Amino acid sequence: MSVSRLSTKLRHFMVPLIMSLAVLGAAGMAICLWLSQEIATSKAGIKTTEMINTNTLKLLPLIPLTESNSRKLTEIQSTLFSSGLNAVAHHDNQKQQLEALQESWRTSLLPALLSAASPHAIAPQLEAFIEQVTALNRVFDIHAAKHIKQAIIIQKCLAVMLALLVVLIIMQWRISRRANIKRQQKRSVTKKHTSIIKNAALLQRINEVLYGEGPVCQRIPYVLSELQSFTPLQNLQLRVYEHDENQHYCEVSYTAQQETDCFNCPREINPEPVTGTPLCWRLHNRQHFYGVLLGELPSEIELTNEHVQLIESCAASITAALAVEQQQAQQQQFLLMQEQSDLAKNLHDSLAQSLSSMKMQVGVLQMQGNTLDNDAQTLVGQLRHELNSSWVQMRQLLSTFRLNLNEPGLKTALEDCCEDFSQRLGFTVALNWRGVSGHISEHQILHLVHIVREGLSNVVRHANATAASITVEENNGWVQLTLFDNGSGIPESMSDNSHYGILIMRDRAQSLNATFSLQSPSSGGTEITIHFRANNRHSPDSSE
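Owing to the predicted nature of the structure, the values given are computational and were not obtained by experimental measurement.

So, on to the overall build of the protein. When its secondary structure is counted, the protein shows 12 helices and 9 strands. For the protein, the residues scored as buried account for 41% of the 544 residues in total. In the protein, of all internal contacts separated by at least 6 residues, the share reaching a separation of at least 24 is 71%. Carbon and sulfur atoms provide 54% of the accessible area of the protein, an area that totals close to 30700 Å².

In structure tokens form, the structure reads like this:
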């Protein structure tokens, strides 16, 4: 038999038993009340008869009685013939004995008291009267003792019933409490099971969104909104750090889910003021630290274990999605590097070999200068100069194609460029990174690095500079990269189309839909500025 069924049967048995004991207790209390009234009546009779005895004995020293003492007789007679004593005698079935006592007073003692000259003369009548009064008093006392004994027995029974009632009530309370605990546990298990199902469904939806397509601003805000609807957290925000650096991050807020511009949403939304306790969950694995999940917990509200587990599971899902995104970025970067390496290899094996062969043939022609006229020698010289220029440009192009980016991200690539050219220039190339979030695609990073390396190569060959810097700034999704050196500046005779490197940089800027500017500031030197719109890794432009 199960515990629940046993408790139900015991509860059904105890309830009538408790009710019966309660009824018996009430009846016992009523009986005790009646017995107390009986005892009080007998006590009244005892007190009255004792008073008659006392007053009668007080008359003995007063014999012979005078008119002033006749009042004592009146008091005894009024007490003896009082309605109260008659009621007590009638109640205790002593009416006949009381009447005999009253008759003895009228016919014997009262005349003797009135005619007696000395106390000895009424001694026989007085003793007989007192014996009758004492006998009546004894009867009243016996009745009172009997009722007291009955009351004591009933009170003991009531005490036993009360103890049994208390025990039964405690047992009933414990059985009810256990049954309530069982019901609460069952409801708790059911509620927890339902909550687990809801949380599992939520995590499934979150994973589907996280591993879906589209920019991050269209995926993460939905995740934050869903998480906020299931928890008491407010003002949820996700900060994705660029390559383990918390100084530069991309911030996404759940309030930006209706925005279509990926980079404006965290800046055009003014979050609600902080009204609770700020909380933070780190997004990291064994390899990288990706960012933090921020939220605010309203005052006087605590997170339950269920909420904490849900938030931690969601943070783990976001971490996994960011890890997959970074792996995809690294894979895409590797494919780009591999493609360029293959192209460089093909150029080296074909066009570079052809240029080398043509240089050798032109050299042979120049060695036969005596057999050529002046115009032919001039033409051969020009041809050799163009071949040398083409060979240098081919070497530069091959060097550019063999570029390797060890880590994803524009900042890391630019740091490598600064370190490389600082050794070649003999002074430190400064990198000024100002508030740029990590949402520049690998396609853009590759072209920007090529432009910067081409510009720094020109500084090495032509500028005679003593300082150079790279500055990267962002404003509402627009990024501006500025390369500056304090060298000799741009020659007045040189045009944009007269230098192959400038043409390459301009062409790469156009592939980014960027504006390209090459100028000499009034303070001197050369300044290259590229202004473009940053693309997210999963935006359509990033797949070029």
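On we go from here.
As a further point, take the packing of helix α10 (residues 410–425) against helix α11 (residues 442–463). Running from N to C, α10 and α11 cross one another at 15 degrees; their axes reach a closest spacing of 10 Å. As summarised for this structure, α10 and α11 are arranged roughly parallel, according to the angle between their axes. Crossing of α10 against α11: the hand is right-handed. Every residue of α11 that contacts α10 at Leu-410, Ala-413, Leu-414, Cys-417, Asp-420, Phe-421 and Leu-425 is listed here: Ile-445, Leu-448, Val-449, Val-452, Arg-453, Leu-456, Ser-457, Val-459 and Val-460. Residue composition of the contact of α10 with α11, by class: 13 nonpolar, 1 polar and 2 charged.

Moving on, we get to the nonpolar core. If you look at the biggest cluster of nonpolar residues, it comprises 36 residues, and the most contacted ones within it are Leu-410, Leu-414, Val-429, Ile-470, Val-472, Leu-481 and Ile-530. Sorting the residues of this core by element identifies α10, β5 (429–434), α11, β6 (468–475), β7 (478–485), α12 (500–511) and β9 (526–533) as the ones contributing at least two each. If one sorts the elements of this core by residue count, α11 sits on top with 8 residues. Residues Ile-46, Ala-89, Leu-98 and Leu-110 belong to the second largest nonpolar core, which totals 26 residues.

Here the focus is the sheet that holds strand β8 (residues 515–519). Overall, mixed pairing links the 5 strands, which are arranged β5-β6-β7-β9-β8 in an open sheet. Edge strands, defined here as strands with exactly one partner in the open sheet, are β5 and β8. Each neighbouring strand pair of the sheet contributes to a mean axis angle of 10 degrees, computed without reference to strand direction. Strand direction decides the pairing type here: β6 and β7, joined by 8 bridges, are antiparallel. Residue pairing in the sheet places Ile-470 in a bridge with Leu-483 of β7. In the packing of α10 onto the sheet, the strands contacted are β5, β6 and β7, and the crossing angle to β5 comes to about 160 degrees. With respect to the sheet, α11 is in contact with β5, β6, β7 and β9, its orientation differing from that of β7 by roughly 15 degrees.

Now for the state of the cysteines. Counted under the stated rule, the structure contains 0 disulfides. Left without a disulfide partner, Cys-157 is nearest to the cysteine sulfur of Cys-32, which lies 9.1 Å away.

At a closest axis distance of 11 Å, the pairing of helix α2 (residues 70–80) and helix α4 (residues 95–115) adopts a crossing angle of 170 degrees. Judged on the interaxial angle alone, α4 and α2 are roughly antiparallel. When α2 is examined against α4, the residues Leu-73, Ile-76, Gln-77 and Leu-80 are found in contact with a partner set consisting of Leu-98, Leu-101, Gln-102, Trp-105, Leu-110, Leu-113 and Leu-114. For the contact of α2 with α4, the class distribution of residues is 9 nonpolar, 2 polar and no charged.

Between β6 and β7, which pair antiparallel in sequence order, lie 2 residues; one of them, Asn-476, sits at a positive phi of approximately 55 degrees. Where β7 meets β9, 8 bridges bridge the pair, whose relative direction is antiparallel. Each residue of the ladder has a partner; that of Phe-484, found in β9, is Glu-527.

Applying the stated criterion across every chain, the model contains 1 aromatic pair. An angle of 50 degrees between the planes, with centres 5.5 Å apart, marks the rings of Trp-105 and Phe-129 as tilted. Here Trp-105 is found in helix α4, whereas its partner Phe-129 is found in helix α5 (residues 123–210), with 24 residues between them in sequence. What makes Trp-105 buried here is its relative accessible area of 0%. Note on Phe-129: relative accessible area 0%, which makes it buried. Sitting over the face of the ring of Phe-289, Arg-282 holds its NZ or CZ atom 4.2 Å from the ring centroid.

Before going further, it helps to spend a moment on the pattern of salt bridges. Any two side chains of opposite charge can pair, so long as their charged atoms come close to each other. Under the criterion given, the structure shown has 6 salt bridges. A salt bridge links Glu-103 to Arg-106, with the shortest nitrogen-to-oxygen separation between them at 2.6 Å. Here Glu-103 pairs with Arg-106, and both are found in helix α4, just 3 residues apart, close to one helical turn. The class for Glu-103 is partly exposed, based on a relative accessible area of 35%.

We now examine α10. Because each turn of an α-helix spans 3.6 residues, side chains separated by three or four positions end up pointing in the same direction. In this model, α10 (16 residues) spans 22 Å end to end at C-alpha, consistent with the 22 Å of a helix rising 1.5 Å per residue. Within α10, the full set of buried residues consists of Leu-410, Lys-411, Thr-412, Ala-413, Leu-414, Cys-417, Cys-418, Phe-421, Ser-422 and Leu-425. Immediately beyond the C-terminal end of α10, within one or two residues, lies Gly-426, with a positive phi of roughly 90 degrees.

A separate point is the side chain of Thr-56. Structurally, Thr-56 can be placed in helix α1 (residues 3–59). Classification of Thr-56 as buried rests on a relative accessible area of 1%. If we ignore the near neighbours within four places in the chain, the residues touching Thr-56 are Ile-76, Leu-109, Leu-126 and Phe-129.

Rules behind the numbers
- Residues numbered from 1 in each chain as written.
- Predicted model: local features only at pLDDT ≥ 70, side-chain atom pairs only at ≥ 80, totals over all residues.
- Heavy atoms only, no water.
- Helix = DSSP H or I, 4+ residues; strand = E, 2+ residues; numbered from the N terminus.
- Buried < 20%, exposed > 50% of the residue type's maximum accessible area, 1.4 Å probe, protein only.
- Contact = heavy atoms within 4.5 Å.
- Areas by Shrake-Rupley, 256 points an atom, 1.4 Å probe, with all protein chains shown as cover.
- Axes fitted to C-alpha atoms, helices over the stretch in contact; angles between N-to-C directions.
- Parallel < 35°, antiparallel > 145°, perpendicular 65-115°, else oblique.
- Left-handed = near helix turned anticlockwise from the far one by under 90°.
- Nonpolar A, V, L, I, M, F, W, Y, C, P; charged D, E, K, R; others polar.
- Core = buried A, V, L, I, M, F, W, Y, C linked by side-chain atoms within 4.5 Å.
- Pairing = 2+ DSSP bridges.
- Disulfide = S-S within 2.5 Å.
- Phe/Tyr/Trp six-rings, centres within 6.5 Å; stacked < 30°, edge-to-face > 60°.
- Lys NZ or Arg CZ within 6 Å of the ring centre and 35° of its normal.
- Salt bridge = Lys/Arg side-chain N within 4 Å of Asp/Glu carboxyl O.
- Expected span 1.5 Å × (residues − 1).

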